[in-house]
Amino acid sequence: MKHEWRKFEKELYGVKAKPIFLEVEEQQFITIKGKGNPNDQDFSNRVSALYALAYGIKMAYKQAMKTEQDDQAVTDFAVYPLEGLWQQAEDAKEDTLEKDKLSYTIMIRQPEFITKELVAQALDRVKIKKPNSFYESISFENIKDGKCIQVLHIGSYDDEPQSFAKMDAFAKEHGLKRSSDIHREIYLSNAQRTEKSKLKTILRYQVGEK
């Protein structure tokens, strides 16, 4: 059986262009941190390292499950989409996005059955097959978002403030407030193959009571 996140986890990824409230439990990710403009080559190299390892983990798991006799066991899975936690530097201009002053953690979620040992094995293999200097910067960690508001943003990344405004209005309407200046983006589209006006990105931030 193959685990397909689009099919089996619609409560997290089947989001509409209307804000919703949700509780996000702890999940595990391969992550890498960075600073600066996401349009720079440095960012692309970090993304490439993450994807190479993500597919290496998938292949390692499939290989390990080849002898599995249980028809109900998960023997393969679809690689999860790229995600990012974003924050502007404290000295950035208020209400202005200064991309050169961004700090971020980009990540790819891993199914709960993926172990630290399997990630280490996959990393050793991918270092040989697809060399990348950023592999040493990758971590395997658990992250819990908790109480959040999220929405599907359709369009250019530069137009995201419009969707954040909808989220802010939704939070205010329900007596909630944003509890962190960090927000999460989940990239459902391939930016290299999709028109900017059709890009689909889930936006999420943590909230608490006013």
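Reading the values: the criteria
- Throughout, a residue's number is its position along its own chain's written sequence, starting from 1.
- Two thresholds apply to this predicted model, a pLDDT of at least 70 for residue-level local features and 80 or more for giving and counting side-chain atom pairs, whereas whole-chain, interface and lining totals are computed over all residues.
- Processing note: side-chain calculations cover all non-hydrogen atoms of the structure and skip hydrogens and water entirely.
- The aromatic pairing rule takes the rings of Phe, Tyr and Trp, using the six-membered ring of Trp, and pairs them if the centres are within 6.5 Å, calling planes under 30 degrees apart stacked, those over 60 edge-to-face and the rest tilted.
- We count a stretch as a helix when DSSP gives it H or I for four or more residues in a row; a strand needs E for two or more, and each element gets its number in order from the N terminus.
- Partly exposed describes any residue whose relative accessible area lies between the buried limit of under 20% and the exposed limit of over 50%, with all areas from a 1.4 Å probe on protein chains only and scaled to the type maximum.
- Placement of a charge over a ring requires the Lys NZ or Arg CZ to be within 6 Å of the ring centre, with the centre-to-atom vector within 35 degrees of the ring normal.
- To form a nonpolar core, buried Ala, Val, Leu, Ile, Met, Phe, Trp, Tyr and Cys residues must be joined to one another through side-chain atoms within 4.5 Å.
- The criterion used for residue contact is that any of the two residues' heavy atoms lie within 4.5 Å.
- Strand pairing is assigned whenever DSSP detects at least two bridges linking the two strands.

- As annotated in an unreviewed UniProt entry, the chain is GyrI-like small molecule binding domain-containing protein from Streptococcus troglodytae.

## Points about the packing of aromatic side chains
Part 1: A complete count under the given rule lists twelve aromatic pairs for this structure.
Part 2: With a centroid separation of 5.9 Å and 40° between ring planes, the pair formed by Phe43 and Trp86 is classed as tilted. Here Phe43, found in helix H3 (residues 41-64), pairs with Trp86, found in strand S5 (residues 82-88); they are 43 residues apart in sequence, far enough to count as distant.
Part 3: Ring plane angle 10° and centroid distance 6.4 Å describe the contact between Phe164 and Tyr205, whose orientation is recorded as stacked. Of this pair, Phe164 sits in helix H5 (residues 160-173) while Tyr205 sits in strand S11 (residues 200-209), placing them 41 residues apart in sequence.
Part 4: For Tyr205, a relative accessible area of 2% puts it in the buried group.
Part 5: Among the aromatic residues, ring-to-ring pairing joins Trp5, Tyr13 and Tyr80 into one connected group.
Part 6: A cation over a ring is seen here: Lys58 above Phe77, with NZ or CZ 5.9 Å from the ring centre.

## Some details on the nonpolar core
Part 1: Judged by nonpolar contacts, the single largest core of 46 residues is most densely connected at Ile30, Leu50, Leu53, Ile57, Ile106, Ile108 and Ile138.
Part 2: The residues touching Leu50, leaving out its near neighbours within four places in the chain, are Ile30, Thr31, Ile32, Leu82, Ile106, Met107, Ile108 and Ile138.
Part 3: One finds Ile149, Met167, Leu176 and Leu203 within the second-largest nonpolar core, a separate group that totals ten residues.

## Focus: the pairing of strand S3 (residues 27-35)
Part 1: The buried count for S3 comes to seven of nine residues, which makes it a mostly enclosed element.
Part 2: As paired strands, S3 and strand S7 (residues 139-143) are joined by five bridges and run antiparallel to one another. For Gln28, the partnering residue across the bridge sits in S7 and is Asn142.
Part 3: Here eight bridges tie S3 to strand S6 (residues 102-110), and the two strands are oriented antiparallel to one another. Among the inter-strand pairings, Lys33 is bridged to a residue of S6, identified as Thr105.

## Quick notes on the pairing of S6
Part 1: Across the nine residues that make up S6, a large majority, eight, are buried.
Part 2: Examined bridge by bridge, S5 and S6 share seven bridges and lie antiparallel to one another. Opposite Glu83, over in S6, you have Met107 as the bridge partner.

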